[in-house]
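One letter stands for each residue in the lines below.
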Amino acid sequence: MNELLVDAAWLDTHRDEVVTADVRWSATGGTADAERAFEAGHIPGAAFFDVDRDLAGVPFIDGPGRHPLPDPRRFAETLASHGIRGTDRVVAYDDSGGSVAARLWWMLDAVGRPCVLLDGGLAAWHGAMETGRAASRHVAEVDVRPWPGDRLIDADGVAKALAAGDVVLDARVPERYRGDTEPIDPVAGHIPGTRSAPFPQVLGADGRFLSPRELSEHFEAVGVNDRTTPIAYCGSGVTASLDVFALRLTGRNARLYEGSWSDWVHDRSRPVATGVEP
C-alpha cells in the first residue's frame, strides 16, 4: 500500500486491520440500486455508504448544488454508526473507477481521517464475496470536525480564480463539457474558461490509476502547473473528487467546487459556454 492506494492483494491480507467501505452508487439508479448491488455481493465485512443518504446534505438547502456536503455533525454521526473511529484507516471502493469512492476519500481526508482507495475497485477483487446487509459494528464515539475552508471554493471564488488566470478543471465526460448532452442538470455546457479533464482519463485500460508521471503529463496538458492550486468541479461535486485524488497522486493539492455545475446553473445569470474550447 501507499498513503493513497492499496491493491486487492494487500486488502485481502490486511482486511481485519482496516474498515472497508463500499461506495457504489449511480446518478440514475440512486440509493435503491446501490443497496441492491451491495446486498447481491460485496467485499466481506464492508460497510455500505450511500452518496445521497450518507455523503451529502439536502440539495440546494444544506449547501450549494445537488450534493452539498452534509453538516459536519451528521457526517460524524454516520461514521460513528459504522463503528469508524478517528484513527481507523478506511479503504473505499466502488464499481465506477473510483469516481464515487473518491467522494468518501475527499471527505475523510478533509477532516484529517485516514482513507485510501482500492486500486481497480471491486473489479480488482478476486477473493470471496459476502451477500446480504452490512454486518453491525459497535458504534464509535462521535468526533465532529468542520469542513476546512481552504479545501473548498464557491461560485464567486471560481469566477475570481478564472479572472486571475487559475486553472479550473471540469471532470465531467467530454459530451457534457461540450454541451452536446446534459442528462441531469437543466442547462448544458461548461463554465467559461474551464478546461475539460474527464475523470475516466486518470485511469488506464485496466481500470487502475495511471502512474504519477502519466498523471502529471495528463494534467499538465490541460494547463495545470506548480504556480497555482487547481480547482475541480463536475456535475454536483462527487466525481470531481477523483480529479482531486489523482492530482494528489502527483503531489499536488486541489480545491473542490462543492456545488459544481448544478450550483453554477442554478443562478441563470451566470455565463455558460459550449463547444470544445474553454
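The preceding data block contains the structure.
A few points on the structure.

Rules behind the numbers
- Residues numbered from 1 in each chain as written.
- Predicted model: local features only at pLDDT ≥ 70, side-chain atom pairs only at ≥ 80, totals over all residues.
- Heavy atoms only, no water.
- Helix = DSSP H or I, 4+ residues; strand = E, 2+ residues; numbered from the N terminus.
- Rg over C-alpha atoms; globule rule 2.2 N^0.38 Å.
- Buried < 20%, exposed > 50% of the residue type's maximum accessible area, 1.4 Å probe, protein only.
- Contact = heavy atoms within 4.5 Å.
- Areas by Shrake-Rupley, 256 points an atom, 1.4 Å probe, with all protein chains shown as cover.
- Lys, Arg positive; Asp, Glu negative; His and termini not counted.
- Charge placed at Lys NZ, Arg CZ, Asp CG, Glu CD.
- Pairing = 2+ DSSP bridges.
- Arc of directions from axis to C-beta.
- Phe/Tyr/Trp six-rings, centres within 6.5 Å; stacked < 30°, edge-to-face > 60°.
- Lys NZ or Arg CZ within 6 Å of the ring centre and 35° of its normal.
- Salt bridge = Lys/Arg side-chain N within 4 Å of Asp/Glu carboxyl O.
- Core = buried A, V, L, I, M, F, W, Y, C linked by side-chain atoms within 4.5 Å.

### Topic: the overall build of the protein chain
Item 1. Helices and strands together make up the secondary structure of the protein chain, namely 10 helices and 10 strands.
Item 2. Relative to its length of 278 residues, the protein chain is compact, with a C-alpha radius of gyration of 18 Å against a globular reference of 19 Å.
Item 3. Based on the C-alpha atoms only, the size of the protein chain along its principal axes is roughly 50 × 40 × 30 Å.
Item 4. Counting over 278 residues, the protein chain shows a buried share of 54%.
Item 5. Long-range pairs, those at least 24 residues apart, make up 77% of the contacts in the protein chain with a sequence separation of at least 6.
Item 6. When the accessible surface of the protein chain is summed, it comes to about 11900 Å², and 48% of that surface belongs to carbon and sulfur atoms.
Item 7. Of the charged side chains in the protein chain, 28 are positive and 42 negative; the average position of the first set lies 2 Å away from that of the second.

### Structural notes on the sheet that holds strand β4 (residues 90–93)
Item 1. Strands sit in the order β1-β5-β4-β2-β3 across an open sheet of 5 strands; the sheet is parallel. In this open sheet, the two edge strands, each paired with only one partner strand, are β1 (5–6) and β3 (47–48).
Item 2. The sheet contact formed by strand β2 (residues 19–22) and β4 spans 4 bridges and is parallel. By the bridge assignment for β4, Ala21 is matched with Ala92.

### Concerning helix α6 (residues 155–163)
Item 1. By the burial criterion, the buried members of α6 are Ala155, Gly157, Val158, Ala161 and Leu162. Taken around the axis of α6, the buried residues stretch over an arc of 160°, which confines them to a single face. Turned more than 90 degrees off the buried face of α6, the exposed positions are Asp156, Lys160 and Ala163.
Item 2. Structurally, α6 contributes buried residues whose contacts are with β6 (152–153), β7 (168–170), β9 (231–233), β10 (255–257) and α10 (260–264).
Item 3. A positive backbone phi angle near 90° is found at Gly165, which sits one or two residues after α6.

### Some remarks on the sheet that holds β7
Item 1. If you walk across this open sheet you meet the 5 strands as β6-β10-β9-β7-β8, and the pairing is parallel. Both outer strands of the open sheet, β6 and β8 (195–196), are each paired with one neighbouring strand and no more.
Item 2. Of the pairings in the sheet, the one linking β6 to β10 comprises 2 bridges and is parallel in character. Its bridge partner being in β10, Ile153 is matched across the sheet by Tyr257.

### Structural notes on the packing of aromatic side chains
Item 1. For the structure shown, the criterion picks out 6 aromatic pairs.
Item 2. Centre to centre, the rings of Trp105 and Phe245 are 5.0 Å apart; their planes meet at 85°, and the pair counts as edge-to-face. Linking Trp105 in helix α5 (residues 101–110) with Phe245 in helix α9 (residues 240–249), this pair joins segments that are 140 residues apart in sequence. Both residues of the pair, Trp105 and Phe245, belong to the buried class.
Item 3. Each residue in the set Phe75, Trp106 and Trp147 is aromatic and connected to the rest through ring pairs, giving one cluster.
Item 4. The side chain of Arg172 reaches across the aromatic face of Trp261, ending 4.9 Å from its centre.
Item 5. Here the guanidinium or amino end of Arg270 rests over the ring plane of Trp264, the centre of that ring lying 5.5 Å away.

### Points about α5
Item 1. Counting buried positions over the 10 residues of α5 gives 10, a clear majority of the element.
Item 2. Of the positions making up α5, those classed as buried are Ala101, Ala102, Arg103, Leu104, Trp105, Trp106, Met107, Leu108, Asp109 and Ala110.

### A word on the side chain of Asp243
Item 1. Mapping Asp243 onto the fold places it in helix α9.
Item 2. No salt bridge is formed by the buried Asp243. Its closest oppositely charged neighbour is Arg172, at 10 Å.

### Regarding the pattern of salt bridges
Item 1. Per the counting criterion, the structure on display carries 20 salt bridges.
Item 2. Measuring nitrogen to oxygen at the nearest pair gives 2.3 Å for the salt bridge that ties Asp33 to Arg36. In this pair, Asp33 and Arg36 both sit in helix α2 (residues 30–40), 3 residues apart, roughly one turn of the helix.
Item 3. The exposure class assigned to Arg36 is exposed, which follows from its relative accessible area of 52%.
Item 4. With a closest N to O distance of 2.8 Å, Asp88 and Arg85 form a salt bridge.
Item 5. Judged by relative accessible area, which is 12%, Asp88 ranks as buried.

### A short note on the nonpolar core
Item 1. Ranked by internal contacts, the top residues of the largest apolar core, which has 54 residues, are Val23, Phe49, Leu104, Trp106, Leu117, Trp147 and Phe209.
Item 2. Secondary structure elements with two or more residues in this core: β2, α4 (72–81), β4, α5, β5 (115–118), α8 (212–220) and α9.
Item 3. The greatest single-element share of this core, amounting to 8 residues, is contributed by α5.
Item 4. Formed by 17 residues, the second largest nonpolar core is a distinct cluster that contains Phe38, Phe48, Tyr93 and Val116.

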